[in-house]
Amino acid sequence: MIAALPTIVSRLRLKQLRLLIALDEQGSLHRAAEQVSINQPGATKALHEIENTFGAELFIRTSQGLQPNDLGRCVIRYARLIQSDLAHLREEMVGIIQGQGGRLSVGVIMGAVPLLMRALGRLRRRQPELSVEIVEDTSARLLGLIDQGRLDLAICRSSVSRRPDAYDCLTLHPEQLAVVAHPAHPASGAQTLQLADLSNYRWVVYPANMPMRLLLEREFSQAGLEFPRYPVETASTFTMLSLLQEDPELVAVMPLAVAQFSEGFGMIRQLPLSLQSRSEPYGVIVRHGSSLSSAARLLLEEMQAEQLPS
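About the cut-offs
Residues numbered from 1 in each chain as written. Predicted model: local features only at pLDDT ≥ 70, side-chain atom pairs only at ≥ 80, totals over all residues. Heavy atoms only, no water. Axes fitted to C-alpha atoms, helices over the stretch in contact; angles between N-to-C directions. Helix = DSSP H or I, 4+ residues; strand = E, 2+ residues; numbered from the N terminus. Parallel < 35°, antiparallel > 145°, perpendicular 65-115°, else oblique. Left-handed = near helix turned anticlockwise from the far one by under 90°. Contact = heavy atoms within 4.5 Å. Phe/Tyr/Trp six-rings, centres within 6.5 Å; stacked < 30°, edge-to-face > 60°. Buried < 20%, exposed > 50% of the residue type's maximum accessible area, 1.4 Å probe, protein only. Lys NZ or Arg CZ within 6 Å of the ring centre and 35° of its normal. Pairing = 2+ DSSP bridges. Arc of directions from axis to C-beta. Lys, Arg positive; Asp, Glu negative; His and termini not counted. Salt bridge = Lys/Arg side-chain N within 4 Å of Asp/Glu carboxyl O. Patch = residues over 30% accessible without salt bridge, like charges linked within 9 Å, V, L, I, M, F, W, Y side chains within 5 Å. Areas by Shrake-Rupley, 256 points an atom, 1.4 Å probe, with all protein chains shown as cover.

## Topic: the packing of helix 6 (residues 113-126) against helix 12 (residues 294-305)
Okay, step 1: Two elements in contact, helix 6 and helix 12, have axes separated by 9 Å at closest approach and are oriented at 125°. The pairing of helix 6 with helix 12 is recorded here as oblique in orientation. Of the two possible hands of crossing, helix 6 and helix 12 adopt the one that is right-handed. On helix 12, the residues touching Leu116, Ala119, Leu120, Arg122, Leu123 and Arg126 of helix 6 are Ala295, Leu298, Leu299, Glu301, Glu302 and Met303.

Here it is, written out as structure tokens:
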């Protein structure tokens, strides 16, 4: 039986977490003890205390040394996260004391990447010692990271959550979409296109139930067309662009800002097809009632000042 949370919190010490990480790195209790500057009997006692604290064995004793079991690997992974969080905590505290710098963790969906890059560029010119972590993912995963306290804010959509009221939207930004393909695509030279003209090509699409996937499904339905069979699904910007480079006959829908950026490098070409449906705006999302760090407030100001094309 795994121990209750209050028991773990009251008994677990940071030095014990350091020992777990050292054991994972060294595979030997003797070498791990040296790494954390304790003697081997002390390390043996500490490991025994750790396993008693959690109420489970975390390592398999073998002739080659100690190997973490499934529970051990789980605990070690979180020990590393805690150590990383403490490093980030110190970094942010130093930045606050110095009146500059600090640390910022921000999540972003693909369509908002150009907006974030412009805002961050201006912010980092104002705060050159600012350390920034950027996580690009789907809205659902970014909201999960907000719930875990891993992100200061995310530029995404809260509507994908079962509890959208658990978040505050601080600012909204519209999103236009573009239909794109490789510059050598057979339809790239057309003056105008209808969705039916592209229905027989293979498509790169967003995974099921994502807002842009739902929009595309609605477009095909309203046009009386069957949704493309055997599409390639991805939420990754890089993967989508790579697929379009690899197969000149693929077609995709992506945010207009990303399409314009990529087209500027000759990677893709926008096709002359206008989608009838409107994409849901994305926003700067935080956990309801949470307060922003000074760096996050400055980033929000930069994004609020951003003038996007309508």
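## Let's talk about the packing of aromatic side chains
Okay, step 1: Summed over all chains, the structure comprises three aromatic pairs.
Okay, step 2: Geometrically, the ring pair formed by Phe220 and Phe227 is edge-to-face, given 5.6 Å between the ring centres and 70° between the ring planes.
Okay, step 3: Judged by its relative accessible area of 0%, Phe220 falls in the buried class.
Okay, step 4: The lysine or arginine in question, Arg287, covers the ring of Tyr167, its NZ or CZ lying 5.3 Å from the ring centre.

## Here we look at the sheet that holds strand 3 (residues 103-108)
Okay, step 1: Strand order in the open sheet formed by five strands is 4-3-5-12-6, and the pairing between neighbours is mixed. Bordering the open sheet on either side are strand 4 (131-136) and strand 6 (167-173), each of which pairs with just one other strand. Averaged over all pairs of adjacent strands, the angle between their axes in this sheet comes to 20°, without regard to strand direction.
Okay, step 2: Alignment of strand 3 against strand 4, held across six bridges, turns out to be parallel. Bridge pairing in strand 4 places Ser105 opposite Glu133.
Okay, step 3: Here helix 7 (residues 139-147) sits on the sheet in contact with strand 3, strand 4, strand 5 (153-156), strand 6 and strand 12 (282-287), set at roughly 165° to strand 5.

## Some remarks on the environment of Ser84
Okay, step 1: Here Ser84 is to be found in helix 5 (residues 70-98).
Okay, step 2: Overall, the relative accessible area of 29% leaves Ser84 in the partly exposed class.
Okay, step 3: Sequence-wise, Ser84 and Ala119 are 35 residues apart; in three dimensions their C-alpha atoms are separated by 26 Å.

## Considering the sheet that holds strand 10 (residues 251-255)
Okay, step 1: In space, the five strands of this open sheet follow the order 9-8-10-7-11, with mixed pairing throughout. If you trace the sheet from one side to the other, it starts and ends with strand 9 (232-233) and strand 11 (269-270), each paired once.
Okay, step 2: Bridge analysis of strand 8 (residues 203-205) against strand 9 gives two bridges, and the strand direction is parallel. Each bridged residue has a counterpart across the sheet, and for Val204 the counterpart in strand 9 is Val232.

## Digging into helix 11 (residues 256-264)
Okay, step 1: For helix 11, the set of buried residues is Leu256, Val258, Ala259 and Ser262. Taken down its axis, helix 11 places every buried residue within 160° of arc, on the same side. Away from its buried face, by an angle of more than 90 degrees, helix 11 presents the exposed residues Phe261 and Gly264.
Okay, step 2: Tucked into the core, helix 11 has its buried residues touching helix 6, strand 7 (177-181), helix 10 (237-246), strand 10 and strand 11.
Okay, step 3: Of the residues trailing helix 11, Gly266 is marked for its positive phi of about 75°.

## Notes on the environment of Arg269
Okay, step 1: Considering the arrangement of structural elements, one finds Arg269 in strand 11.
Okay, step 2: Given the relative accessible area of 35%, Arg269 is considered partly exposed.
Okay, step 3: Separated by 89 residues in the primary sequence, Arg269 and Val180 have C-alpha atoms spaced 5.6 Å apart.
Okay, step 4: Filtering out sequence-adjacent residues up to four positions away, Arg269 remains in contact with Val179, Val180, Ala181, Pro183, Ser188 and Glu263.

## Notes on the side chain of Glu219
Okay, step 1: Turning to its location among the elements, Glu219 is positioned in helix 9 (residues 211-222).
Okay, step 2: One buried charged side chain, Glu219, makes no salt bridge at all; its nearest oppositely charged neighbour is Arg218, positioned 6.1 Å away.
Okay, step 3: Each residue touching Glu219, except ones within four places of it in the same chain, is listed here: Leu195, Leu275, Gln276 and Ser277.

## What about a nonpolar patch on the surface?
Okay, step 1: Residues Leu14, Ile82, Leu86, Leu89 and Met93 make up a contiguous nonpolar surface patch of about 440 Å² in total accessible area.
Okay, step 2: With four residues, helix 5 is the largest single contributor of residues to the nonpolar patch.
Okay, step 3: Mapping Leu14 onto the fold places it in helix 2 (residues 14-26).

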